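If you want the building blocks of each chain, they are given just below.
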Amino acid sequence: MLSDGEGPSIVGRASHGARLLTARGAGMRALSIGANIALVALVSPADLGLLAIVRGVTGVAGTSSDLGFAWALLRRADAPSSDEYAGLAGMQFLLLAGFLAVFVAAPSLLTTIGAVPAVWRAAMLLVLATMLSVPFGTGARIRIERDLDFRRIAIADVSSVLIQNIALLGFAIARQFALGVFISTGVTLLYTNVLLWYWSPGPGPGFRFATWRRLGREFAGFSVGHVGAVLNNSVTPIVIAHLFGLTTAGLWALAVRLGNVLQLAHEGYRRAAVPAAALLSNSRAQLQRLASETLAGAVRWTAPLLGLMVAALPALGWFLPRWAPAVPLAQCYLIGFGLTGLYAAAVIPVAVALKGPRPVIIEQFAPVIAGWAALGVLALIHRSTIVWAIAPMFAVLALALWRIAAANVRPVLDRQWMAWGVALAGTIVATAFAQSLRLPGYLVAALGVGALIVSRAAALAPDWISGTPVDRSIA
């Protein structure tokens, strides 16, 4: 049981960690964007294509060895045993070794399936070999996150991105970019996993079948949820392309990419809340406090970014007319994704701590089932405006999230939420009205941003007039 002061301390450490992880994500994105801009001026499109291929192959390998395993150990109230850490490392090691063995036995598959140029097959195999360090880093990352030491996670992740991008720029300047793609990728993988393991050493891979069987039962539900995430993120564009063509799939891809930017604003809070919720799982009151503070912190970052993106998107259609059809689709997607993502960041960690993997499965499969069903109906009635599939997709997800969270752990809302609620509503209404008048995109964007500022100020006006202090942690 938690002591009287331990629960608030854990919530406070989780909130601090969430801010660190959000800053980490912003730093990583800023470094990547800056490096990509520089690389565009230094290398050819084919070189950048090679980089994308190498990242894609290593990404598939990493995803295949993850399968949601870390979730299972992070949501534990009690610390995993040394034998369980060894079992997890052994399972990951075997999966990665099997992935590597397939391409060692048939290296031509790297070209026929992975699109890696034949001249670089050996280099790609060496990069995949460095991924055998991932099981050591995975266990260390879990231990560090369970200790709520998010400073080290932020340092490891940001420094890894910095090292890789500096190396890529150096090889580009030296006109050896293709070779640098493989060297920088392999070195970064080793650096990240060795650093994490140095900070939190643990057992090496274990190969006891009894441990695997016990962990497999615990991991199964999270692996199903992981499959749902893959279907949602990777297969949905393929479904859209088959039903409506590549152009429509491209419009969807733009909306999802913008959503990834928005996700940066609340993902850190969700990630920090997972181990904290596990430690608080015996106290419903502290879980509710954690959910409330997670939602409050996530809103502080997400709400202004969501409002600005929805308001500014019409300018894209004005500057680049060929992308004008993507504007309403992206706006609706951002509203649904942003609002449900905010609530999920608060309630999913708490729900997982109490109920295990079932909330993750529901969260991932609800939008897939509803969204694909809506897309199928649109295809049957020969309507290619897939924006109509977004409302049922996120409405079903919102209902599922509400049902997932037990009533006594749902975030507590107070009148401070009205400030951002009114601001977002004012922005959306003003932007939609200006678009209905067919005003130029730059003017619509200006009016939308203005509405965000004015409606935000109007929502806070009663507090200013009455002299009530504003809670800056939320506002």
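Cut-offs and rules
- Residues numbered from 1 in each chain as written.
- Predicted model: local features only at pLDDT ≥ 70, side-chain atom pairs only at ≥ 80, totals over all residues.
- Heavy atoms only, no water.
- pLDDT = per-residue confidence, 0-100.
- Helix = DSSP H or I, 4+ residues; strand = E, 2+ residues; numbered from the N terminus.
- Axes fitted to C-alpha atoms, helices over the stretch in contact; angles between N-to-C directions.
- Parallel < 35°, antiparallel > 145°, perpendicular 65-115°, else oblique.
- Contact = heavy atoms within 4.5 Å.
- Nonpolar A, V, L, I, M, F, W, Y, C, P; charged D, E, K, R; others polar.
- Buried < 20%, exposed > 50% of the residue type's maximum accessible area, 1.4 Å probe, protein only.
- Phe/Tyr/Trp six-rings, centres within 6.5 Å; stacked < 30°, edge-to-face > 60°.
- Lys NZ or Arg CZ within 6 Å of the ring centre and 35° of its normal.
- Polar contact = N/O pair within 3.5 Å; in protein donor to acceptor, adjacent residues only side chain to side chain.

Parts of the model with low pLDDT should not have their predicted coordinates read in detail. Per-residue confidence for the chain gives a mean pLDDT of 84; residues scoring 70 or more make up 93%. Mean pLDDT values for the elements of the chain range from 70 in helix α17 (residues 441-466) up to 94 in helix α9 (residues 177-199).

We now examine the packing of helix α6 (residues 121-130) against α9. Direction vectors running N to C along α6 and α9 enclose 10°, while the axes themselves pass 8 Å from each other. Taken together, the axes of α6 and α9 are roughly parallel relative to one another. Across the interface between the two elements, Ala123, Met124, Val127 and Thr130 from α6 touch Phe182, Thr185, Gly186, Leu189 and Leu190 from α9. For the contact of α6 with α9, a count of residues per class yields 6 nonpolar, 3 polar and no charged.

What follows concerns unusual backbone geometry. Residue Leu148 is not a glycine yet carries a positive backbone phi of 60°. Non-glycine residue Arg175 carries a positive phi angle of around 60°. Of the residues examined, Arg175 reaches a relative accessible area of 77% and is grouped as exposed.

On to the packing of aromatic side chains, then. Aromatic rings considered in pairs are described by the distance between their centres and by the relative angle of their planes. The full count for this structure, using the stated rule, is 10 aromatic pairs. For the ring pair Trp120 and Phe182, a centre distance of 5.2 Å and an interplane angle of 25° mean the geometry is stacked. With a gap of 62 residues between them, Trp120 in the loop between α5 (109-112) and α6 and Phe182 in helix α9 connect regions that are remote in the sequence. The side chain of Arg410 reaches across the aromatic face of Trp402, ending 3.9 Å from its centre.

By the secondary structure assignment, Ser184 is in helix α9. A polar side-chain atom of Ser184 sits 2.7 Å from the main-chain carbonyl oxygen of Gly180. Separated by 3.3 Å, the side chain of Ser184 and the backbone oxygen of Val181 make a polar contact. Excluding residues within four positions of it along the chain, Ser184 makes contact with Gln164, Ala167 and Leu168.

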